[in-house]
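# Structure at a glance
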Amino acid sequence: MRRGVFWTVVALTLALYGTMVFWTLAEIARDAGAPAFDMRPTGYSAEEARTFLAALSNEARALYQGPQRWLDAVYPAMLALTLIWSSHWAADGGRVWLFRAVVLFALLNMLADYGENISVAALLATPVDALSDGMIARAAGFTRAKALFGTVAMTLWLILLALRARRNLTRARG
């Protein structure tokens, strides 16, 4: 039963990500002529943010505030759950420090993503000429933090999976 639930969580996480990347975020980027805020790991300047927001059509803005927002309300938690659950399996009672590091960075990534979502929602709801540089800097900061924490979490997760694979291969040979 647990295995079935785990694979359901993984499938839902991948489906959410795929839906965002290939539908909502792709449509928003096509409309604005630039990547959505969520897809800019190095952040963005105040000028870039204002240019992007000014270029968004009403339809793309509605897509960002509607379906994209709802998908991205679920995705960060699902990603964290997938990373933590699979890391627990990969650690298999050992490598506790590495497992804890994955948990820490997966949770930090999730929190930064939610911070980004809240900040981007505020940017989308504010007329372009009323946006403060501080609002934009806060949103961009969350975007950069999400990228950093996510990269660290996934790198540690991959290391943990590689160590589990090596351990399994060693056991199979011995």
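The structure under discussion appears in the preceding block.
Residues numbered from 1 in each chain as written. Predicted model: local features only at pLDDT ≥ 70, side-chain atom pairs only at ≥ 80, totals over all residues. Heavy atoms only, no water.

## With respect to the packing of aromatic side chains
Short version of the rule: Stacked, tilted and edge-to-face pairs are distinguished by plane angle, under 30 degrees for stacked and over 60 for edge-to-face with tilted covering the rest, among Phe, Tyr and Trp rings (Trp via its six-membered ring) whose centres lie within 6.5 Å. Accessible area is worked out with a 1.4 Å probe on protein chains only. A residue is then buried under 20% of its type maximum, exposed over 50%, and partly exposed in between. Each helix is a run of DSSP H or I of at least 4 residues and each strand a run of E of at least 2, with the numbering of both proceeding from the N terminus. Each ring is checked for a lysine NZ or an arginine CZ that lies within 6 Å of its centre and within 35 degrees of its normal; such an atom marks a charge sitting over the ring.
Scanning the entire structure with this criterion turns up eight aromatic pairs. Measuring from ring centre to ring centre gives 4.5 Å for Phe37 and Tyr44, while their planes differ by 40 degrees; the resulting arrangement is tilted. By relative accessible area, Tyr44 is classed as buried at 6%. Residues Phe37 and Tyr64 carry aromatic rings whose centres are separated by 6.4 Å and whose planes lie at 35 degrees to one another, so their mutual orientation is tilted. Of this pair, Phe37 sits in the loop between α1 (2-32) and α2 (46-55) while Tyr64 sits in helix α3 (residues 58-91), and the two are 27 residues apart along the sequence. Taken together, the aromatic side chains of Phe37, Tyr44, Phe52 and Tyr64 make up a single cluster linked through ring pairs. A cation over a ring is seen here: Arg164 above Trp89, with NZ or CZ 4.1 Å from the ring centre.

## What about the packing of α3 against helix α4 (residues 96-125)?
Stated precisely, the cut-off is as follows: As a rule, the C-alpha atoms of each element are fitted with a line to give its axis, helices using only the stretch in contact, and angles between N-to-C directions run from 0 to 180 degrees. Convention used here: angles under 35 degrees read as roughly parallel, angles over 145 as roughly antiparallel, angles from 65 to 115 as roughly perpendicular, and any remaining angle as oblique.
In contact at an axis separation of 9 Å, α3 and α4 are set at 175 degrees when each is read in the N-to-C sense. Considering the angle they form, α3 stands roughly antiparallel to α4.

## Details of the environment of Leu111
Turning to its location among the elements, Leu111 is positioned in helix α4. Each C-alpha atom of the pair Leu111 and Asp92 lies 26 Å from the other, and the pair is 19 residues apart in sequence.

## Observations concerning the side chain of Thr82
The criterion, for reference: Polar contacts, as counted here, are pairs of nitrogen or oxygen atoms within 3.5 Å of one another; within protein the pair requires one atom able to donate a hydrogen and one able to accept it, and residues that are adjacent in sequence qualify only if both atoms are side-chain atoms. In what follows, residue pairs with any heavy atoms lying within 4.5 Å of each other are defined as contacts.
Note that Thr82 resides in helix α3. In terms of polar contacts, Thr82 uses its side chain to reach the side chain of Thr13, at 2.9 Å. Leaving out residues up to four positions away in the same chain, Thr82 has contacts with Phe6, Val9, Val10 and Thr13.

## Here we look at empty space enclosed by the protein
Condition: Grid points spaced at 1 Å over the protein atoms alone were grouped into cavities, where a 1.4 Å probe fits but cannot get out, and pockets, open sets with protein on both sides within 12 Å along at least five of seven lines, with lining residues defined by an atom within 4 Å of a point. Grid points are joined across faces, edges and corners, and a volume is the space filled by probe spheres set on the points. Following the grouping adopted for this structure description, the nonpolar residues are Ala, Val, Leu, Ile, Met, Phe, Trp, Tyr, Cys and Pro, the charged ones are Asp, Glu, Lys and Arg, and the polar ones are all others, Gly among them.
Across all of its chains, the model carries one cavity of 30 Å³ or more by this definition. Empty space within the largest cavity amounts to approximately 90 Å³. Contributions of two or more residues to the lining of the largest cavity are made by α3 and α4. Looking at the lining of the largest cavity element by element, the count peaks at five residues for α3. Residues belonging to the lining of the largest cavity are distributed by class as follows: four nonpolar, three polar and three charged.

## Overview of the packing of α3 against helix α5 (residues 133-173)
Selection criterion: Helix crossings fall into two classes, left-handed where the near helix is turned counterclockwise from the far one by less than a right angle and right-handed where it is turned clockwise.
α5 packs onto α3 with a crossing angle of 30 degrees between their chain directions and a minimal axis gap of 9 Å. One way to sum up the angle between α3 and α5 is to call them roughly parallel. The chirality of how α3 crosses α5 is left-handed. Taken together, the residues of α5 that come into contact with α3 (itself represented by Leu79, Leu83, Ser86, Ser87, Trp89, Ala90 and Ala91) are Ala153, Met154, Trp157, Leu160, Leu161, Arg164 and Arg167. The class makeup of the residues in the contact of α3 with α5 is ten nonpolar, two polar and two charged.

Everything listed here is a matter of geometry and, on its own, says nothing about what the molecule does.
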